[in-house]
Protein chains: 6
Amino acid sequence: MRLRVINPNTTSAMTCKIGDAAQRIAAPGTNVVAIQPTDGPVSIESHFDEAISAVGVLEEVLAGEREGTDAYVIACFGDPGLLAARELTRAPVIGIAEAAFHAASLISTRFSVVTTLSRTGIIAEHLLEQYGFRHHCRRVRAAEIPVLDLEEDGSAALDRIIDECRRARDEDGIGAIVLGCGGMADLTQSISQEVGLPVVEGVTAAVKLAEALVGLGLGTSKHGDLAFPRPKPFTGRFERYSQLSNDR
Amino acid sequence: MRLRVINPNTTSAMTCKIGDAAQRIAAPGTNVVAIQPTDGPVSIESHFDEAISAVGVLEEVLAGEREGTDAYVIACFGDPGLLAARELTRAPVIGIAEAAFHAASLISTRFSVVTTLSRTGIIAEHLLEQYGFRHHCRRVRAAEIPVLDLEEDGSAALDRIIDECRRARDEDGIGAIVLGCGGMADLTQSISQEVGLPVVEGVTAAVKLAEALVGLGLGTSKHGDLAFPRPKPFTGRFERYSQLSNDR
Amino acid sequence: MRLRVINPNTTSAMTCKIGDAAQRIAAPGTNVVAIQPTDGPVSIESHFDEAISAVGVLEEVLAGEREGTDAYVIACFGDPGLLAARELTRAPVIGIAEAAFHAASLISTRFSVVTTLSRTGIIAEHLLEQYGFRHHCRRVRAAEIPVLDLEEDGSAALDRIIDECRRARDEDGIGAIVLGCGGMADLTQSISQEVGLPVVEGVTAAVKLAEALVGLGLGTSKHGDLAFPRPKPFTGRFERYSQLSNDR
Amino acid sequence: MRLRVINPNTTSAMTCKIGDAAQRIAAPGTNVVAIQPTDGPVSIESHFDEAISAVGVLEEVLAGEREGTDAYVIACFGDPGLLAARELTRAPVIGIAEAAFHAASLISTRFSVVTTLSRTGIIAEHLLEQYGFRHHCRRVRAAEIPVLDLEEDGSAALDRIIDECRRARDEDGIGAIVLGCGGMADLTQSISQEVGLPVVEGVTAAVKLAEALVGLGLGTSKHGDLAFPRPKPFTGRFERYSQLSNDR
Amino acid sequence: MRLRVINPNTTSAMTCKIGDAAQRIAAPGTNVVAIQPTDGPVSIESHFDEAISAVGVLEEVLAGEREGTDAYVIACFGDPGLLAARELTRAPVIGIAEAAFHAASLISTRFSVVTTLSRTGIIAEHLLEQYGFRHHCRRVRAAEIPVLDLEEDGSAALDRIIDECRRARDEDGIGAIVLGCGGMADLTQSISQEVGLPVVEGVTAAVKLAEALVGLGLGTSKHGDLAFPRPKPFTGRFERYSQLSNDR
Amino acid sequence: MRLRVINPNTTSAMTCKIGDAAQRIAAPGTNVVAIQPTDGPVSIESHFDEAISAVGVLEEVLAGEREGTDAYVIACFGDPGLLAARELTRAPVIGIAEAAFHAASLISTRFSVVTTLSRTGIIAEHLLEQYGFRHHCRRVRAAEIPVLDLEEDGSAALDRIIDECRRARDEDGIGAIVLGCGGMADLTQSISQEVGLPVVEGVTAAVKLAEALVGLGLGTSKHGDLAFPRPKPFTGRFERYSQLSNDR
């Protein structure tokens, strides 16, 4: 199967990291295409960054449709553009926050999230509410590190994340920790070893959930509110979307 | 005060209608600027349309900031880009779905929503959940008319909306009806007379709520998760956002 | 418009303060009538005080109806008698707790309440639940000062409130603070300056929401469960209510 | 034990009926005192009626305290003044709506309420939410009969209630029915026989719950938010409450 | 009435203690039969223990049916097998967690639970959610003592429980404490005296609720989802259940 | 990987069917062992059946542990014994109701459940609440067919299920249907073709989720409330559980 892993930001180093993590975890028959939009923010740390990045995500889904794609992963913890992306395809589309919450709830009764900046905690809270996991999550914690610090060698980022994970383990009454950023995709093992309880990372979780749905023959429902968008004119920079049709 | 009413779609006839409704309801000292993005969908009837329209909304907020703006209204019932828009300004930003829900909850204990297409009902449901009004809304109903039918003279759209409102009144055990589309801004009075219970329309409600907040000296909090976005590079079409700074 | 601001307790100094705050924030065309019941408690700090005060609130609404009133504000943070008051009039009726919650949720994603005594926190909690803002409020905090201490010059009350507001700001992960007592109506600015994030006060918020609803032509729904009470005999002290009729 | 059953309205026929039902169900050692306020509405069918009736309820609790009372029942389905009443005494105070919900949830997983007028349904809904039984109640139904019709011999009221109960049984997927009015206290058996599933009536349920709490040595907590009200001056008609003290 | 109090574990000392507590609190006409299964765990401290113990509970209900039983109490704080037990009888069946939550919510607005081991807190949380008391419970606390330590004279268990109760009283903003283990049935008074706020214990609460329901003539509904199980073959050790029939 | 699929009832034909469905959907490297307890009910249609069947489920998990097992599926829609089973192993354990809800929520925004008998609907409702999917499920529907009718050739069961699925599709405003019984594992395709929207079946979904978790290296958390049960004596038939230890 062709799996398109979309890094919603434009930092190619992060795309590589995410792609590597995805490919490593993928089943033998899964062909991972890790890409990023050409246009957008270098990192996603606000509602604004997220709204802009959604355009790139959707364009990458449209590109994926032209190439033939069996499943999509949106590799930013805010799941930007998730429901819109689902409208564009019959393939399953999985967000990494969503994937991590689902996986964590299958191996523990309660979990905490450790994310980068506290200002993005509200995004995780809204997703927890929408997806139904509000009561499974004890607490959304932040290590207070900017996303791109995760790209710097020797940065103190890992230590701070591990410290916050330890606090979560000791104070929150949980069984698992969810890592709240796509940029942590390569840290799962280090953190897990240090912290000593299951650490769930979204990119890898999303890859396996995507494979699972494809294996089940389940794609995004085209009955009801995730059907293809009604074709219509778009203007200006977005004019090309006028060509979208329901003939898929 | 300068009030910028942003029609998130690109249909200028709808912008005019919305602007007229806003100006008619505005206080004498309120200067309504009704605009629309140059780039985007002609109507918003899906998550995809909404995600794309958010870019235009945000650009119109940035434009408003350059001109000096005291408050913003986002005039599409899905409140596209609302939290992102709030990050960009100290001024209050009000979505019309949000405004209508708030107003309806102040004059009734339970209300129903009558929107255009049932496929967008899920958007209203998610907003009701996020804003806290899930239990105040008895039912989200659709008249099953495309948004742009509201722009056509002599269309049967009004009749269908009134029919659906009557069913809401008779079956739902409610005290008020919320009209679920910015394109209905000119229909409130006709519907209200026919249906005989309070009909809440979002554009007008948002204008008055925006005036109320400005009158109170309350703007979007810059403490915490609605603070200005951290400045950072954007690439491609969105490169200009790299200039955004916190010096506001 | 005639706006009747009802202080549910019988302390006239507080009525003056509330009336001043209301008049200062009101639009030029708004004529504020600030009154208090002749019968009732001097302050409201328990369910009992609140239940008794509701009678005075309702009598002041009935008085307001005889005089012609366009909107009502109930100026105690427990919103005593709110739904009953709504039944008595076609005009909008706004409680100050309600108003403050609505306003705070429009400028922040999460807020905390700072009230007087912790024993009244449960009243705020029940209102948050009923109005839908349970998840928008991080915490209900008390400065542990009796209501009437707010009337004493040079009392330490202001300092304690400011201290509690600072703790809310630093510990709760919020964007705004709601002041939980009508007697704090004159303190908003001082507190806001000290604390450095938006401080929402209910009396002023209610005045502006009342003006907004009147401007929208929206009054309390008389369809369904807020219709005028069915006329019926009352006995004893309440006999005069036997005269209430639906001919309004 | 002395059990004071307070009919919050002033219709003595209803007080008799309620008192009879209470005495019939009471344990041998329970001395039922069924009383009604001298001042208030003849029936309770609105928020307004309920707010006024709360005063009478509280006065009857104060009278009960002077006489020595072991437990109180508030015999109107809106539980008027319940939390305020609890503040006034160390004895347990049980509302009949509350009691019926508790009992129904112990013998079924889901129940429906059949009340008198649909306009009072919102009162039941708010109580279900506050008490925690929102999801246990499938539906609040109304037979659309005024409360005092229940006092008229040969009225069609019983038939209409039975009809509505049958619809609840057949359509709602429930295991029990809650009768939503104190005036139905004498109808339980007739309805139960006709309908063929458990019918829970609040007056009787409250009597037995009150006996249970007294038997357990449990009274209203005086720690925290149900402590005796802080003593303070009251004015006018309510001046006598100035004498209340904490010395109990 | 015959009341069968089932201790779901197999420690007879605990059965005695529970039986004593039940008999002491029971009304004169209540004949308490306290028993325990012959097969099962000596204490219940996990989901596994609980699942196994449910079999014993159900067999004791079946035995109770053969002997004629008017009501059942399941005396373990996880309420093991509660809904299954209800299916087997027309009599009321009360779990002690359930009973304690109900009683605590009638005398306070908010309570905390103090249980034995933190690992069983999740069981209490799930029950609070299912029964509707999630928001009435501020916190589930554990004294971190194994259940059987409660059986040892001079153990430090009582002190640790009292310490945890004091912390609950001082930190949680509550009006009552719920003791979260059937093995604490003899400690209520000691704890209550030390802690100074109402302490609700489940065995005693369940006895009185069971008496209340029997007094009301209310038994488990046989309409709908608690009807007798459909008769069917069982194999192996459970073959005898093939004889169960609906002819009851 | 070794995947143990436990049919909690004792009908071997159903075990075969479930095993076939599991093996067909499994990845090449997955070795499916489909088994059933020797002791228990032939079908599970009540809380009682479910409680008894949990014992067999747990014994099959213990047997699986002795043989070396990488993941478990509990193949009855009530997920009997799920949390207890998780305590017994480091491997992931997936219930089929849980799996189906998760999968359906990834391809649609709202779904309905079509189960066998309405009396088991409450089991699905409780699971939806506990897992967080209450608001994702529009309705739990029953085709009113006993479970074992699904085993009979030429029975009308399939037609009735398809009819109910069509009603769900047309009336519920959903994007997907969840089949609410392990015995429907072979019907997914037929139903899906007839009904024309995604049909999610739990056995197959659970197999793929189990593979996904194993692929991720995630097993049941042994930190906190799903840790191995504390070793302790069991009596009677369950004495062998006294041997369980934490040395795993």
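Residues numbered from 1 in each chain as written. Chains lettered and ligands numbered in written order. Predicted model: local features only at pLDDT ≥ 70, side-chain atom pairs only at ≥ 80, totals over all residues. Heavy atoms only, no water.

An unreviewed UniProt entry annotates chain A as Hydantoin racemase originating from Billgrantia kenyensis. In the Sequence similarities (unreviewed entry) part of its UniProt record, chain A is described as follows: "Belongs to the HyuE racemase family." (UniProt positions renumbered as here; feature names shortened; annotations may be inferred.)

Q: How would you summarise the relation of the copies chain D and chain C if you had to cite specific residues and measurements?
A: The two copies are related by a screw motion: chain D maps onto chain C through a turn of 180 degrees and a shift of 0.0 Å along the axis, at an RMSD of 0.0 Å. Here the transformation between the copies is reduced to the relation of a two-fold axis. Every residue of chain D has its C-alpha some distance from the rotation axis, and the shortest such distance is that of alanine 51 of chain D, at 3.6 Å. Same-surface contact between copies: 100% of interface residues of chain D are shared with the interface of chain C. (Least-squares fit on C-alpha atoms with pLDDT ≥ 70 in both. Contact = heavy atoms within 4.5 Å.)

Q: Residue-level account of the interface of chain D and chain C, with values.
A: Each partner contributes to the interface: chain D provides 45 residues, whereas chain C provides 45 residues. Taken together, the two surfaces of chain D and chain C that pack against each other cover about 4,100 Å², and 61% of this comes from carbon and sulfur. Among the residues of chain D in contact with chain C, Phe48, Arg119 and Arg237 of chain D are the three that bury the most area, contributing 20% of the side total. At the surface where chain D touches chain C, the tally comes to twelve salt bridges. A salt bridge links glutamate 87 of chain D to arginine 119 of chain C, with the shortest nitrogen-to-oxygen separation between them at 3.2 Å. Taken together, chain D and chain C are joined by 28 residue pairs in polar contact (both at pLDDT 80 or more). Mapped onto the side of chain D that touches chain C, the elements with two or more residues apiece are strand E3 (40–41), helix H2 (47–67), helix H3 (82–87), helix H5 (121–131) and strand E10 (234–235) of chain D. In this structure, strand E10 (residues 234–235) of chain C lies alongside E3 of chain D, joined through two bridges in antiparallel fashion. From the neighbouring strand, threonine 235 of chain C faces E3 of chain D, where its bridge partner is glycine 40 of chain D. (Buried area = accessible area lost by both parts, 1.4 Å probe. Salt bridge = Lys/Arg side-chain N within 4 Å of Asp/Glu carboxyl O. Polar contact = N/O pair within 3.5 Å; in protein donor to acceptor, adjacent residues only side chain to side chain. Helix = DSSP H or I, 4+ residues; strand = E, 2+ residues; numbered from the N terminus. Pairing = 2+ DSSP bridges.)

Q: Report on the interface of chain D and chain F, specifying residues and quantitative values.
A: Counting residues at the interface gives four residues for chain D and five residues for chain F. Between chain D and chain F, a total of about 390 Å² is buried, with carbon and sulfur atoms accounting for 40% of that surface. The largest share of the area that chain D buries against chain F comes from Thr109, Arg110 and His135 of chain D, three residues that together contribute 83% of it. Connecting chain D to chain F are three salt bridges. Taken together, the connections running from chain D to chain F amount to four residue pairs in polar contact (both at pLDDT 80 or more). Considered class by class, the residues forming the side of chain D that touches chain F number no nonpolar, two polar and two charged. (Nonpolar A, V, L, I, M, F, W, Y, C, P; charged D, E, K, R; others polar.)

Q: Lay out the domain arrangement of chain A in plain terms, naming residues and giving numbers.
A: All names here are of chain A. Segmenting chain A into domains produces domain 1 (2–95 + 205–243) and domain 2 (97–202). Domain 1 and domain 2 are separated by 22 Å when their C-alpha centres are compared. When domain 1 packs against domain 2, the two sides together hide about 2,100 Å² of surface, and 63% of this comes from carbon and sulfur. Remark: the boundary between domain 1 and domain 2 carries three salt bridges. Inspection of the domain 1/domain 2 interface yields 14 residue pairs in polar contact (both at pLDDT 80 or more). (Domains from an automatic or database assignment.)

Q: Can you tell me about the arrangement of the chains, naming the residues and giving the values?
A: Between chain B and chain E there is no contact, and the shortest C-alpha to C-alpha distance separating them is 16 Å. Regarding chain C and chain F, which are not in contact, the minimum distance between any of their C-alpha atoms is 16 Å.

Q: Tell me about the pattern of salt bridges, and name the residues and values.
A: Scanning all chains against the criterion turns up 151 salt bridges over all chains. Residue arginine 138 of chain B pairs with glutamate 125 of chain D through a salt bridge whose shortest N-O separation is 2.7 Å. Residue arginine 138 of chain B is found in strand E7 (residues 137–142), and its partner glutamate 125 of chain D is found in helix H5; the two belong to separate chains. Judged by relative accessible area, glutamate 125 of chain D falls into the buried class, the value being 15%. A salt bridge links arginine 141 of chain D to glutamate 164 of chain D; the nearest nitrogen and oxygen atoms lie 2.9 Å apart. Of this pair, arginine 141 of chain D sits in strand E7 (residues 137–142) while glutamate 164 of chain D sits in helix H6 (residues 157–171), and the two are 23 residues apart along the sequence. Glutamate 164 of chain D shares its class with arginine 141 of chain D; the two are buried. One connected set of salt bridges, linked through shared partners, spans Arg139, Arg141, Glu164, Arg167, Glu171 and Asp172 of chain D. (Buried < 20%, exposed > 50% of the residue type's maximum accessible area, 1.4 Å probe, protein only.)

Q: Account for the packing of helix H6 (residues 157–171) of chain A against helix H7 (residues 188–195) of chain A, with residues named and values stated.
A: Each pair of packed helices can be summarised by the angle the axes make with each other and by the distance between the axes. All names here are of chain A. Across the interface, H6 lies against H7 with an axial gap of 10 Å and an inter-helix angle of 45 degrees. Regarding the angle of H6 to H7, the classification is oblique. Crossing handedness for the pair H6 and H7: right-handed. Note on element contacts: H7 touches H6 through Ser190, Ile191, Glu194 and Val195, opposite Leu158, Ile161, Ile162, Cys165, Arg166 and Arg169. Taken together, the residues of the contact of H6 with H7 break down into six nonpolar, one polar and three charged. (Axes fitted to C-alpha atoms, helices over the stretch in contact; angles between N-to-C directions. Parallel < 35°, antiparallel > 145°, perpendicular 65-115°, else oblique. Left-handed = near helix turned anticlockwise from the far one by under 90°.)

Q: Give me the lowdown on the environment of threonine 115 of chain D, citing residues and values where you can.
A: Residue and element names in this part refer to chain D. The topology assignment puts threonine 115 in strand E6 (residues 111–115). For threonine 115, a relative accessible area of 5% gives the class buried. Taking the C-alpha atoms as reference points, threonine 115 and methionine 184, separated by 69 residues in sequence, lie 9.2 Å from one another. In contact with threonine 115, other than residues within four places in its own chain, are Thr120, Val140, Arg141, Ala142, Ala143, Gly180 and Met184. There is a polar contact of 2.9 Å between the side chain of threonine 115 and the backbone oxygen of glycine 180.

Q: Residue-level account of the sheet that holds strand E1 (residues 2–6) of chain C, with values.
A: Sheets are built from strands that pair by backbone hydrogen bonding, the pairs being arranged parallel or antiparallel. Residue and element names in this part refer to chain C. Spatial ordering of the open sheet is given by E2-E1-E4-E5, a layout of four strands whose pairing is parallel. Every interior strand has two partners, whereas the edge strands, strand E2 (31–35) and strand E5 (93–95), have only one. Taking the axes of each pair of neighbouring strands and ignoring which way they run, one obtains an average angle of 20 degrees across the sheet. Pairing geometry for E1 and E2, over five bridges, is parallel. When the bridges of E2 are listed, isoleucine 6 appears paired with isoleucine 35. Set on the sheet, helix H8 (residues 202–216) makes contact with E1, strand E4 (71–74) and E5; between it and E4 the angle comes to about 155 degrees.

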